[in-house]
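Close look at the chain arrangement
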Amino acid sequence: MARLSLPSPAEVGRFALIAGLTALAYALAGWLSLKLAAYVAHVVAAIWLAAGIGAMASLRFGAAGVVGVLLGSLAVNSLNLPLEDAFRFALGAAAGAWIMGTLPRYLQPFSRTLDYVSSVAKFALVAAPLGCAVSALTGVLSLHFFGSLSADMLLRGLWVWWLGDLLGVYLIAPVLLTASRWDLLPTNKGARLEGLVLVLGMMALTLVMMEYVEPLRPAEIVLFVMMPAVLWAALRFSVTGASLAIFLAAIIVMGVAVVSYGGITSATTPRDVFALQISMMTMALGGLFVSAALSERRYSEMRLDMLANHDPLTGLPNRSYFQDFLGHALARAQRDKSQVSLLFIDLDRFKHINDSQGHEVGDQVLRVVANRLDEQLRADDFVARLGGDEFAVILTHPPASRAAGRVARKLTQALVESFKLGSRRYAIGASIGISVYPDDALDANTLLRQADLAMYQAKQRRSGFEYFSTELNTVAQQQLSLENGLRQALERNELALVYQPKVDLASGRVVGLEALIRWLPRSGNIVGPEQFIPVAEETGLIVPVGRWVVRTACEQWIAWRDAGLNPPPVAVNLSPRQLSDARLIEDVDTILKETGMDPAHLQLEVTESAAMDNPARTFGILDALRQRVLHVYIDDFGTGYSNLGQLKRMPIDALKIDKSFVDDVLTGSDDAEIVNAIIRLAHSLSLRVVAEGVESVEQLEFLRQNGCDEIQGYVVSKPQAPGKISELFAVTFTF
């Protein structure tokens, strides 16, 4: 037998809060309606604004809203009626609200924001009239049977009550229900000015009519001033704008009624009351239906635009949209004197998967690729599917930037990671060709053709990505200039090392330094490592540059030691190209011998992706380094594709958590879990853990609580010159 589950305290609290706020809003709206417009026996209001509160609350919050209506109605009616009558009125109001909130759920499809014609019709022509009829019938019959309303007033009271409730629903409920669609309102300066003109026009025309038209009735203002204004708002400002205009029109008309006649009282003729109610209902329904029709048309246009300009399989822009966007991007780049890089992407091994596993699996692979491309790019980058397994990316960036190369490298790394579909795991790569405006071409078609040629070159060389190359290609010239300058930098002693400390979280002491290279040309324009390191890697200059880094770091450590400063171990980075260099071990041995460096105080950092390029060879090199008592760290851990078996066999001393995970460790639950998992994994393998890029005390505290051993980042110190960094050797940090 199923057990009855009780609501949690949080659910009870939320229910009580909604019911209480609804009751308060209902009571205030009802009190205002009675003050402004009492008609039959000073009880029935010609405009019962509270009914709109009840309809909205029941639609949005269900039972909690209905209970709030019951309490609010009881509170406001008990001010003028005996408690028994007030309770009967409250039951009728709650029953009517329940009908208005429940019936639309059985009239699906239904949109609570009233942005479809069918939804407006179901709410305004079915649910609202029925709900208001139940409320009016309950209230009027209660008054009649208990002697408060005579038989000759019964029909008029029922009519006024029903129209008053219905009018309150039409005036209040739409503006509250459509509040979540403020995004549909135009936000440009012209639209705001137009809205202001509309509001001022409504008020000005009303004042003019009150001044020069006699006798003036509120119904005439609705028909001749408010109705056109509401239709204007419906045509120009969507369903939300129309709802606001209806609400504002109601306020103006009721203000006129109060100022001119002292309200809608028993002295007001039934004809005037009826005319006002019908005119305002006509205004509200007209505005709602027109705005819903226009919203529905706007949605249809958006869907058609989506179908025309987007790939139905991946949801990315299609070739047509891509060509239009590229044309606009080139025109904008010409005005702004910026560059546009076009990345043409063709998947590797996709045809094999498509042919062997079928088109259904192939389609799933394309979706995975599209998602990965979209995740890796910035919000202002543009990615499209051109057809088949071809994709394209458009990047706009400042002149002389190597952004395209960095993005291409990031995309290839993201796409090469394996993924699981069903019970099988798949791996796919990509070849990327890059062309640059205005260096390679000035028009979209030529730029695309050159990127396509570069992609084929990358596929042939299996290099991942290639720039389009011509004799006048600016990118090639810049690379050649950097290459020549880097060769001269080694000869002219233009390279320098700065050091960033690594701090032990348990003791607060500096337990290590990372040596970071900087290029200081004689021209005075500092060249960042993100510019020259990729060039050095591509040209092979990274081998002599890396050799210089190891030697310089060892010599500096010896100088600190000889000065009696007790320096901590120093770490240098080994690039993928260095790991593949056959002379690496020999070079390290030579440097250790010539400098007199203690091997136990030299740490070598290898990125996870570099270590996994050729695991068998890498493990042999790392093992040889470990035999020389050097300490080996895996850098940027979490961004590569090592598995647990490989990690267990890898001869290393520590893992360094990549900065990308540390950045969002406080805001992203996924990153926090990843960092925590890396720490636990490392400790289970008896490895130390270093977190890179720690920039705040809050990040530091999170890492400390989760057992991280060391940190490195701006929260401790930026990279410093040797003379500055030595001041931190004896410092104990307290965070």
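Residues numbered from 1 in each chain as written. Predicted model: local features only at pLDDT ≥ 70, side-chain atom pairs only at ≥ 80, totals over all residues. Heavy atoms only, no water.

Quick word on the overall build of the protein
- If you tally the helices and strands in the protein, you get 26 helices and 17 strands.
- Contacts in the protein between residues far apart in sequence, at least 24 positions, make up 72% of those at least 6 positions apart.
- By element, 58% of the accessible surface of the protein is carried by carbon and sulfur atoms, the whole surface being about 34,500 Å². (Helix = DSSP H or I, 4+ residues; strand = E, 2+ residues; numbered from the N terminus. Contact = heavy atoms within 4.5 Å. Areas by Shrake-Rupley, 256 points an atom, 1.4 Å probe, with all protein chains shown as cover.)

Some remarks on the pairing of strand E15 (residues 654-657)
- Side chains of E15 alternate between two faces, with Ala654 and Lys656 and Leu655 and Ile657 buried alike.
- Inspection of the sheet shows E15 paired to strand E16 (residues 688-691) by four bridges, in the parallel sense. Bridge assignment links alanine 654 to a residue of E16, and that residue is arginine 688. (Buried < 20%, exposed > 50% of the residue type's maximum accessible area, 1.4 Å probe, protein only. Pairing = 2+ DSSP bridges.)

Let's talk about helix H4 (residues 83-102)
- The end-to-end C-alpha distance of H4, which contains 20 residues, comes to 28 Å, matching closely the 28 Å that a straight helix rising 1.5 Å per residue would cover.
- For H4, a buried count of 14 out of 20 residues is recorded, marking the element as mostly surrounded by other parts of the structure. (Expected span 1.5 Å × (residues − 1).)

Comments concerning the confidence of the model for the protein
- Here the protein shows a mean pLDDT of 82. Residues at 70 or above account for 89%.
- For the protein, strand E1 (residues 38-40) is the element with the lowest average pLDDT, namely 59, and strand E17 (residues 710-711) is the one with the highest, namely 92. (pLDDT = per-residue confidence, 0-100.)

Quick word on the pattern of salt bridges
- Under the counting rule described, the total for this entry stands at 17 salt bridges.
- The salt bridge involving glutamate 514 is made with lysine 656; its shortest N-O contact spans 3.2 Å. Here glutamate 514 is found in strand E11 (residues 510-519), whereas its partner lysine 656 is found in strand E15, with 142 residues between them in sequence.
- Glutamate 514 gets classed as buried once you look at its relative accessible area, which sits at 5%. (Salt bridge = Lys/Arg side-chain N within 4 Å of Asp/Glu carboxyl O.)

Side note on unusual backbone geometry
- Residue proline 109 follows glutamine 108 across a cis peptide bond; omega there is 0°.
- Looking at where proline 109 falls in the secondary structure, it is placed in the loop between H4 and helix H5 (117-145).
- That bond from tyrosine 437 to proline 438 is cis: its omega, 5°, falls within 30 degrees of zero.
- Among the secondary structure elements, proline 438 is positioned in the loop between strand E8 (429-437) and helix H14 (444-461).
- Its identity is not glycine, yet asparagine 493 carries a phi of approximately 60°, on the positive side.

Here we look at the side chain of serine 111
- Looking at the element boundaries, serine 111 is found in the loop between H4 and H5.
- Accessibility expressed as a relative area gives 15% for serine 111, which makes it buried.
- Reaching out from serine 111, the side chain makes a polar contact with the side chain of threonine 113 at a distance of 2.9 Å.
- Excluding residues within four positions of it along the chain, serine 111 makes contact with Tyr116 and Ser119. (Polar contact = N/O pair within 3.5 Å; in protein donor to acceptor, adjacent residues only side chain to side chain.)

Focus: the sheet that holds strand E4 (residues 382-387)
- Strand order in the open sheet formed by five strands is E4-E5-E3-E8-E9, and the pairing between neighbours is mixed. A strand with exactly one partner marks an edge of an open sheet, and here the two such strands are E4 and strand E9 (465-467). Pairwise comparison of adjacent strand axes, ignoring direction, gives a mean angle of 20° for this sheet.
- Judged from the three bridges that link them, E8 and E9 form a sheet pairing that is parallel. From the neighbouring strand, isoleucine 432 faces E9, where its bridge partner is phenylalanine 465.
- Taken strand by strand, helix H10 (residues 319-336) contacts strand E3 (339-348), E4, strand E5 (390-397) and E8, and its axis lies near 140° from that of E4. (Axes fitted to C-alpha atoms, helices over the stretch in contact; angles between N-to-C directions.)

Section: the environment of valine 694
- Structurally, the position occupied by valine 694 is in the loop between E16 and helix H25 (697-705).
- Leaving out residues up to four positions away in the same chain, valine 694 has contacts with Val662, Gln699, Leu700, Leu703, Ile711, Gln712, Gly713, Tyr714 and Val715.

Side note on the packing of helix H2 (residues 50-61) against H4
- Orientation of H2 relative to H4, taken along the N-to-C sense of each, is 50°, at an axis distance of 8 Å. One element, H2, and the other, H4, form an angle in the oblique class. As H2 packs across H4, the resulting crossing turns out to be right-handed. Touching Ala51, Gly54, Ala55, Ser58 and Leu59 of H2 are Ala97, Trp98, Met100 and Gly101, all from H4.
- For the contact of H2 with H4, a count of residues per class yields six nonpolar, three polar and no charged. (Parallel < 35°, antiparallel > 145°, perpendicular 65-115°, else oblique. Left-handed = near helix turned anticlockwise from the far one by under 90°. Nonpolar A, V, L, I, M, F, W, Y, C, P; charged D, E, K, R; others polar.)

Some thoughts on a nonpolar patch on the surface
- On the surface, Leu193, Leu196, Val197, Leu200 and Trp232 cluster together into a nonpolar patch covering about 470 Å² of accessible area.
- Looking at the nonpolar patch element by element, the count peaks at four residues for helix H7 (residues 189-212).
- Topologically, valine 197 is positioned in helix H7.
- Judged by its relative accessible area of 45%, valine 197 falls in the partly exposed class. (Patch = residues over 30% accessible without salt bridge, like charges linked within 9 Å, V, L, I, M, F, W, Y side chains within 5 Å.)

Overview of the packing of aromatic side chains
- Evaluated as defined, the whole model comprises nine aromatic pairs.
- Between tryptophan 159 and tryptophan 162 the ring centres are 5.9 Å apart and the planes differ by 45°, which places this aromatic pair in the tilted class. Taken together, the residues tryptophan 159 and tryptophan 162, both in helix H6 (residues 154-177) and three residues apart, mark about one turn of the helix.
- With a relative accessible area of 23%, tryptophan 162 lands in the partly exposed category.
- These aromatic residues form a ring-pair network of at least three members: Tyr321, Phe325 and Phe382.
- The side chain of lysine 502 reaches across the aromatic face of tyrosine 633, ending 4.4 Å from its centre.
- One Lys or Arg, lysine 718, reaches over the ring of tyrosine 714 and ends 5.4 Å from the middle of that ring. (Phe/Tyr/Trp six-rings, centres within 6.5 Å; stacked < 30°, edge-to-face > 60°. Lys NZ or Arg CZ within 6 Å of the ring centre and 35° of its normal.)

A few points about the pairing of E3
- Of all 10 residues in E3, 10 are buried; the element is thus mostly enclosed.
- Here E3 runs beside E5; their pairing, made up of eight bridges, is antiparallel. Residue pairing in the sheet places glutamine 339 in a bridge with histidine 397 of E5.
- Where E3 and E8 come together, nine bridges link them in antiparallel fashion. Residue pairing for E8: leucine 347 is matched across the bridge by alanine 430.

Let's talk about the packing of H5 against H6
- Two elements in contact, H5 and H6, have axes whose closest approach is 8 Å; the angle formed by their N-to-C orientations is 140°. The angle between H5 and H6 places the two elements in the oblique class. Between H5 and H6 lies a crossing of right-handed hand.
- Of the residues belonging to the contact of H5 with H6, the class tally is 19 nonpolar, four polar and one charged.

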